[in-house]
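Here is what each chain is made of, one letter per residue.
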Amino acid sequence: MSDCLFCRIVAGELPAKVLYQDDDVMAFHDINPQAPLHALIIPRKHIATLAELPEEDTALAGKLFQVAKKLAAEQGYAESGYRVIMNCGKHGGQVVYHIHLHLLAGKQLHGL
Ligand code: 5GP
Ligand code: ZN
């Protein structure tokens with residue numbers, strides 16, 4: 001059994017409120033939402049941090065953004081706008097070491 005939380009969600013060992021999935025990518029609601037829509041978009045493949053993203057996974061990383069865009073549009077946020085974030089490492093505030101995009105929408109966000 002993986003000790004990575006998101007690998008366990010991918011494997012179906014832990015529950016998640018899934019918004020989207022295909023062969024490469026999963027998206028699900030964040031357990032502690034910071035906005036009316038707070039989704040996490042992850043590759044099924046384990047990649048710990050952006051710093052460890054292999055060159056050959058460039059298209060996979062791009063696909064995370066495509067899924068973020070589609071989800072935001074599906075949920076009705078294409079016009080109002082939204083924020084997409086990836087944290088990397090300790091000073092980046094990363095807590096779960098399996099890369100993920102945060103998609104935040106549904107309220108006015110400020111600052112960074
Ligand atoms: P990070 O700080 O690593 O960029 O973000 C990790 C995110 O994962 C946090 O927003 C946190 O609320 C979320 N999270 C942590 N544990 C779980 C979980 O078990 N399920 C889900 N759906 N989200 C989680
Ligand atoms: Zn993982």
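S.K.: If you had to explain the site of ligand 1 to someone new, which residues and values would you point to?
M.R.: Taken together, 15 residues are adjacent to ligand 1, and Asp-30, Asn-87, Val-95, His-100 and His-102 come closest. The contact in question runs from an oxygen atom of ligand 1 to an N or O atom on the side chain of Asp-30, over 2.5 Å. The separation between an oxygen atom of ligand 1 and a polar main-chain atom of Gly-93 is 2.9 Å. Contact with the protein chains hides 81% of the accessible area of ligand 1, taken as 530 Å² for the molecule alone. Class assignment for the residues of the shell around ligand 1 results in seven nonpolar, seven polar and one charged.

S.K.: Could you give me a rundown of the coordination of the zinc ion (ligand 2), with the residues and numbers involved?
M.R.: Protein coordination at the zinc ion (ligand 2): the donors are Cys-4 (SG), Cys-7 (SG), His-46 (ND1) and His-98 (ND1), at 2.0 to 2.3 Å from the metal. Note that the zinc ion (ligand 2) binds four donor atoms; their angles at the metal cover 106 to 118°, and the shape is tetrahedral. Taken in sequence order, the residues that donate to the zinc ion (ligand 2) follow the motif C-x2-C-x38-H-x51-H. Overall, the relative accessible area of 9% leaves Cys-4 in the buried class.

What counts and what doesn't
- Residues numbered from 1 in each chain as written.
- Chains lettered and ligands numbered in written order.
- Predicted model: local features only at pLDDT ≥ 70, side-chain atom pairs only at ≥ 80, totals over all residues.
- Heavy atoms only, no water.
- Near = heavy atom within 4 Å.
- Polar contact = N/O pair within 3.5 Å; in protein donor to acceptor, adjacent residues only side chain to side chain.
- Areas by Shrake-Rupley, 256 points an atom, 1.4 Å probe, with all protein chains shown as cover.
- Nonpolar A, V, L, I, M, F, W, Y, C, P; charged D, E, K, R; others polar.
- Donors = N, O, S within 2.8 Å, 3.2 Å for Na, K, Ca; no water.
- Tetrahedral: all angles 85-135°; square planar, octahedral: opposite > 155°, others 65-115°.
- Buried < 20%, exposed > 50% of the residue type's maximum accessible area, 1.4 Å probe, protein only.

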